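So the chains spell out like this:
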Amino acid sequence: MTDSSEELQQRLERVLLGGRRKYTRLEVAEKAGVPDERSRRLWRALGFATVRDDEVVFTDADVEAMRTADQLVQSGLIDPSIEVSVTRALGQHLSRLAEWQVDMLWELIREQPELGRSERQVTRLVDRLLPDLERVQNFVWRRHLAAYAGRAFAAAGDNVEARTEVVGFVDMVGYTRLTRQIGEDELSRVLDSFETLATEVIAEHHGRVVKMIGDEVLFVADSPVDAAEIALTLTERTSADESLPAVRAGMASGRILSRFGDVYGSVVNLAARLTSVARPGTILVDRELAAELAEEEAYELRVRRPVTVRGYNRLRPAALRRAQEAPTGMFASSQQLAAEMLGLTDPVTAAPAETTESDEAAPRPRRRRRGRLL
C-alpha cells in the first residue's frame, strides 16, 4: 500500500463522517440547542472518548444527530430519566457492529491494496458498500421490532420489562485450557462455529440470544419446552461435532427484568450457578422449570442431591435429558416427579450429586466419548 495507514484512516474518516471535522463540542451543543452538560453526558454515554472543549472533532452530522436526539426526548418518546441509559445501550451495541464491519473493510483493502491507494478509490469502495450495509441493518432492525412488538402486544396488560421466562446459559467446557492449546486462527474458528450453531438453534426453537460472552451464550425463551429443546439440541449438536468442545447448560424459570437488551434478576443468577456445577454434556434445571417440564413425555428429569453455590444454600437441581423409549424406575411417573420437585413428597433415593468441574480439570475439548448425561 503506497500510502501510510494513518493517511488511509483519515480518508476513510472523512468519507464515513460525511465531511470534515470543523466544530468543537461546545459549538455542536450550541448549534443543536442542547445544554452543554447534557451534550457532554450523551457523548460519554455513546462510548466516545472525552475531548477538550477547544478540539475541532465534530461534523455537520454530529450537529444533526444531537438535534434529533433532543427532539426524541422533547416529544416524550424517551423519558429524560433514562436518556443516558438508552444512549449507552445504543453506543455499546453499535460499537460492536462497527468493529466487525471495519475489520471486514480493512481485510478487503489488505487483500486488494489498490483499493486504498487514493481517496477517490476509498470513497468509491465505501460509497458502494455503505448503502447495502445500511439497508440490511435497517431490515434486520425492523424485523426485530416487529417480532418484539408482537410479543409485547400479545401480553397486553403485562409489564413488558418484567415478565416470566426461562433463562439459560450454555458454555463450552475447558475453554481456558483450549485457548492455550490452539492458535488465534483456530480459536476464532471455534468461537465462530459455536456462535453460529448457538444462534441457529436458539432461533429455530423460538428463543432469543441475549448475548454471547466469549465461550458462553445467554438466551431466554417464552416456553419451558422451547428452552429444553434449545439446551438439548445444542448439547447434541456440539457432541456430534468433532471440532467443538463439549458444552454444559443451566436453566431456570421465573420473573426477569429485561433492560436495554440485557436480562437481570435472581433467575439469571440461578441459571448461571447451575451451569457452573453441571458436568460436561449435562443440563441442570431449577425446581420451577423441572416442575413445568414434568408433564412433558418427551423428557426425563432426575433430581440431584442438594448443592451449595455462591448465593444459594442447598440448591436442589434436576438433570434434564430426552426420554428413553421405555422409562422405568421412580421417575416413570411425571406426577411423582412434579410432587417431589414441589416438596410434597420425599424422594425414595437420590441420584449422585453434581460436582463442579473447573476449566482446568475439564476433559480435552476434542474428546468425544463422554459418560452418560446422568
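Here the structure is a predicted model, which is why all the values come from computation and not from measurement.

Asker: Whenever I open this one, the overall build of the chain confuses me. Can you help?
Answerer: Counting its regular elements, the chain contains 12 helices and 10 strands. Going through the 374 residues of the chain one by one, you find that 39% of them count as buried. In the chain, the proportion of contacts linking residues at least 24 apart, taken out of those at least 6 apart, comes to 71%. Put simply, the chain shows about 21,300 Å² of open surface, and 52% of that area lies on carbon and sulfur atoms.

Asker: Can you help me understand the nonpolar core in this one?
Answerer: Soluble, globular proteins show a tendency: their nonpolar side chains are buried together. Core analysis: the largest hydrophobic core is formed by 36 residues, its most contacted members being Met251, Ile283, Val285 and Leu320. In terms of residue count, helix α8 (residues 184–204) provides more of this core than any other element does, seven residues in total. Aside from chain neighbours lying at most four places away, what touches Leu320 is Ala228, Leu232, Met251, Ile283, Val285, Leu293, Tyr299, Glu300 and Leu301. Counting residues in hydrophobic clusters, the runner-up holds 20 residues, among them Val167, Val263, Val267 and Val309.

Asker: It is not clear to me how the packing of α8 against helix α9 (residues 224–240) should be interpreted in this structure. Could you clarify?
Answerer: Helix packing for two helices is described by the angle between their axes and how far apart those axes are. Following both chains from N to C, one finds α8 and α9 inclined at 145 degrees, their axes separated by 9 Å at the closest point. In terms of crossing hand, the pair formed by α8 and α9 is right-handed. On α9, the residues touching Leu197, Ala198, Glu200, Val201, Ile202 and Glu204 of α8 are Ile230, Thr233, Leu234, Arg237 and Thr238. The class makeup of the residues in the contact of α8 with α9 is six nonpolar, two polar and three charged.

Asker: Explain unusual backbone geometry here, please?
Answerer: Outside of glycine, negative phi angles account for most residues, and trans bonds account for most peptide bonds. Not every positive phi belongs to a glycine, and His206 is a case in point at roughly 65 degrees. Classification of His206 as exposed rests on a relative accessible area of 55%.

Asker: Mind showing me how you'd approach the pattern of salt bridges here?
Answerer: Pairing between side chains becomes possible if they bear opposite charge and their charged atoms approach one another. The tally for this structure, following the rule as stated, stands at 16 salt bridges. Across the pair Arg237 and Glu200 runs a salt bridge, and its minimum N-O distance is 3.9 Å. Highlighted residues: Arg237 in helix α9 and Glu200 in helix α8, separated in sequence by 37 residues. Classification of Glu200 by relative accessible area gives partly exposed; the value is 38%.

Asker: So what exactly am I meant to see when it comes to a nonpolar patch on the surface here?
Answerer: On the surface, a nonpolar cluster with roughly 280 Å² of combined accessible area is contributed by Val136, Phe139 and Val140. You can see Val140 is positioned in helix α6 (residues 119–154). When its relative accessible area of 37% is taken as the criterion, Val140 is described as partly exposed.

Asker: I keep staring at the confidence of the model for the chain and nothing clicks. Help me out?
Answerer: Caution is warranted with low-pLDDT regions, since their predicted coordinates should not be read in detail. The predicted model of the chain has a mean per-residue pLDDT of 78, with 80% of residues at 70 or higher. The low-confidence segment residues 344–374, where pLDDT is below 50, has 80 contacts with residues more than four positions distant or belonging to other chains.

Asker: What's the story with the pairing of strand β4 (residues 247–259) in this structure? I'm lost.
Answerer: Remark: a regular strand shows side chains that alternate across the two faces of the sheet. In terms of burial, β4 is a largely internal element, 10 of the 13 residues being buried. Examined bridge by bridge, β4 and strand β6 (residues 283–285) share three bridges and lie parallel to one another. Residue Met251 lies in a different strand from β6, and its bridge partner there is Val285. Taken together, the three bridges between β4 and strand β5 (residues 262–264) define a ladder with antiparallel strand orientation. Residue pairing for β5: Ser258 is matched across the bridge by Val263. Between the end of β4 and the start of β5, which pair antiparallel, lie two residues, with Phe260 showing a positive phi angle near 50 degrees.

Calculation rules
- Residues numbered from 1 in each chain as written.
- Predicted model: local features only at pLDDT ≥ 70, side-chain atom pairs only at ≥ 80, totals over all residues.
- Heavy atoms only, no water.
- Helix = DSSP H or I, 4+ residues; strand = E, 2+ residues; numbered from the N terminus.
- Buried < 20%, exposed > 50% of the residue type's maximum accessible area, 1.4 Å probe, protein only.
- Contact = heavy atoms within 4.5 Å.
- Areas by Shrake-Rupley, 256 points an atom, 1.4 Å probe, with all protein chains shown as cover.
- Core = buried A, V, L, I, M, F, W, Y, C linked by side-chain atoms within 4.5 Å.
- Axes fitted to C-alpha atoms, helices over the stretch in contact; angles between N-to-C directions.
- Left-handed = near helix turned anticlockwise from the far one by under 90°.
- Nonpolar A, V, L, I, M, F, W, Y, C, P; charged D, E, K, R; others polar.
- Salt bridge = Lys/Arg side-chain N within 4 Å of Asp/Glu carboxyl O.
- Patch = residues over 30% accessible without salt bridge, like charges linked within 9 Å, V, L, I, M, F, W, Y side chains within 5 Å.
- pLDDT = per-residue confidence, 0-100.
- Pairing = 2+ DSSP bridges.

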